[in-house]
Structure formats: structure tokens, C-alpha cells
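Structural description and commentary
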Amino acid sequence: MESGYCYHITCRANNQEYLLEKYDYKARYQYYLTKAQSKFDTELWSYCLMDNHVHMLMKMYADSISKTMQWLNQNFASSVNLMQGRNGHFFW
């Protein structure tokens, strides 16, 4: 991926389950998304949180989108797993 371009990124919940349908999970994802923007050199143009997946338009600069998404999804999944008393991946 090249710096300065906008990319369409999607993340789907494991087994296409409706894991994001709870409002507090969407708010939690938005919280980590905001933190990721301040932590990494990427620009979020737009996003849509669905009940079982996420769409984002993100522009990359110095930091890679993969590092940004890894941090975002790992922190979000750890947080939700702790709340649910589960472990493992949230997204595939």
C-alpha cells in the first residue's frame, strides 16, 4: 500500500455473527477508532458500523493501515472479550 492514497477497509465479525449489534459495542469501537486516529498517521474519511461488520475509508501516510487496523481491532476485541468473558478473535 502506498502512502497518500485512500483505501476501503472492511472487517467482518467471526462467523458473520451479529457481534456489533449491541449499542455499547459500537460506541466502544468508535472510542478505539478515535484513539487510533490520534496514535497513527492515518486519516479516517468515513466509516459505517454495521451489526456484523465495519466499512472505513482511510487515507494512509507514514504509518501503515495494517499496523493501525491491527492495533484497533486487537484493542477492541480484547475489551469486548473481557466484557463477555470470552477469548479469541472478534474479527476474521
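Residues numbered from 1 in each chain as written. Predicted model: local features only at pLDDT ≥ 70, side-chain atom pairs only at ≥ 80, totals over all residues. Heavy atoms only, no water.

Notes on the overall build of the protein
Condition: Elements are defined by DSSP. Helices are runs of H or I of four residues or more, strands are runs of E of two residues or more, and each kind is numbered from the N terminus. We compute the radius of gyration over the C-alpha atoms and compare it with the globule rule, which gives 2.2 Å times the number of residues raised to the power 0.38. Partly exposed describes any residue whose relative accessible area lies between the buried limit of under 20% and the exposed limit of over 50%, with all areas from a 1.4 Å probe on protein chains only and scaled to the type maximum. The contact rule is simple, with two residues in contact once any of their heavy atoms fall within 4.5 Å. Methods summary: accessible areas were calculated by the Shrake-Rupley approach with a probe of 1.4 Å, and residue burial reflects only the protein chains presented. Charge counting follows a simple rule: Lys and Arg are positive, Asp and Glu are negative, and His as well as the terminal groups are ignored. Charge placement uses NZ in Lys and CZ in Arg. For Asp and Glu, CG and CD serve respectively.
Check the secondary structure of the protein and you find two helices and three strands. If you list the helices and strands of the protein from N to C, you get β-α-β-β-α. Relative to the globule expectation of 12 Å for 92 residues, the C-alpha radius of gyration of the protein, 13 Å, shows essentially globular dimensions. With the C-alpha coordinates of the protein rotated into their principal frame, the extents come out at 40 × 20 × 20 Å. Per-residue burial over the protein gives 41% buried out of 92 residues. Long-range pairs, those at least 24 residues apart, make up 67% of the contacts in the protein with a sequence separation of at least 6. Carbon and sulfur atoms form 49% of the exposed surface of the protein, whose accessible area is close to 5600 Å². For the protein, the separation between the mean place of its 9 positive charges and that of its 8 negative charges on side chains is 5 Å.

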